[in-house]
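# Examination of the molecular architecture
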Amino acid sequence: MSQPCLNAATCFPDATVALGYRCGCQTGYTGSTCQNDGRICKDDTCWNNGTCIEVNSTTVDNNGTTFYCNCSESFTGVHCELKVNLCVNITCQNHGICRTVNMSWSCICLTPSLYYGNYCEIQTSALKVKQALSKSFASVAIVALVLTCSFVIIMDILKYVFKIDPVKAERLKQMQAKKAAKSKQKAPNVAIRFQYVA
């Protein structure tokens with residue numbers, strides 16, 4: 001009546017023993033109340049929904065166990081404790097990250113507006129346009145810098161090597177214009193004489 005037998009064991013009345021009952025244990029359990037679990041395949045032997053299969057004790061598996069875990073497709077290991085990593089030999093380009101999902105790998109492109117493809121190896125048209133524009137601006141800046149430097153060098157060569165000053169006439173004109181402006185601004189000296197008439 002008190003159900004003293006554990007682990008789904010069957011209780012039998014037995015007046016020949018001190019307890020007055022005997023427990024008929026399930027396979028793998030021992031003890032007076034079937035409290036000892038001696039099963040090779042327990043509920044927690046195989047993880048992640050793996051199925052435990054007992055191996056004949058005379059043919060022990062190469063990992064030293066007498067059981068085999070039939071793992072679900074995403075896991076491996078003696079107890080199905082290791083997640084299958086298909087990204088071991090996969091290299092994603094342009095800072096992409098490889099992920100194993102449903103037993104297949106895929107590269108997750110961190111900047112999908114710039115790169116796409118199985119390995120994030122293909123540039124988007126937006127990135128190509130940006131690169132072309134930056135190259136164009138760089139080219140224009142380099143050409144402008146070269147022209148400016150060339151102009152300065154040529155002017156120095158003309159002035160100091162050939163004694164030709166291309167801007168001398170322009171400077172003289174500016175100086176004459178300044179002198180003329182100054183002379184116009186000066187008031188003429190006028191002598192005023194007062195004469196008293198009696």
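Here is what the cut-offs are and how they apply
- Residues numbered from 1 in each chain as written.
- Predicted model: local features only at pLDDT ≥ 70, side-chain atom pairs only at ≥ 80, totals over all residues.
- Heavy atoms only, no water.
- Salt bridge = Lys/Arg side-chain N within 4 Å of Asp/Glu carboxyl O.
- Buried < 20%, exposed > 50% of the residue type's maximum accessible area, 1.4 Å probe, protein only.
- Patch = residues over 30% accessible without salt bridge, like charges linked within 9 Å, V, L, I, M, F, W, Y side chains within 5 Å.
- Areas by Shrake-Rupley, 256 points an atom, 1.4 Å probe, with all protein chains shown as cover.
- Helix = DSSP H or I, 4+ residues; strand = E, 2+ residues; numbered from the N terminus.
- Core = buried A, V, L, I, M, F, W, Y, C linked by side-chain atoms within 4.5 Å.
- Contact = heavy atoms within 4.5 Å.
- UniProt positions renumbered as here; feature names shortened; annotations may be inferred.

Looking up the protein chain in an unreviewed UniProt entry gives the name EGF-like domain-containing protein, with the organism given as Adineta steineri.

Below, the discussion takes up the pattern of salt bridges. Scanning the model with the defined rule gives two salt bridges in all. For R22, the salt bridge is made with D14, and the minimal N-O distance between the two is 3.7 Å. Assessed through its relative accessible area of 43%, R22 is described here as partly exposed. R39 is the partner of D37 in a salt bridge, and the nearest nitrogen-oxygen pair spans 3.0 Å.

Let us look at a nonpolar patch on the surface. A cluster of nonpolar side chains, namely I153, I157, Y160, V161, F162 and I164, defines an oily patch on the protein surface of about 620 Å² accessible area. Here V161 is to be found in helix α1 (residues 125–161). Classification of V161 as exposed rests on a relative accessible area of 56%.

Here we come to the nonpolar core. Formed by C87, I90, C92, C98, C107, C109, Y115, C120 and L127, the largest nonpolar core amounts to nine residues. If we skip the residues at most four places from it in the chain, C87 touches C98, R99, T100 and W105. By size, the runner-up hydrophobic cluster in this structure holds six residues, among which are C5, Y21, C23 and C34.

Here the UniProt feature "transmembrane region" (unreviewed entry) sits at residues 137–158. When the span residues 137–158 is considered, its composition is 100% helix and 0% strand, and the gap between its end C-alpha atoms is 32 Å.

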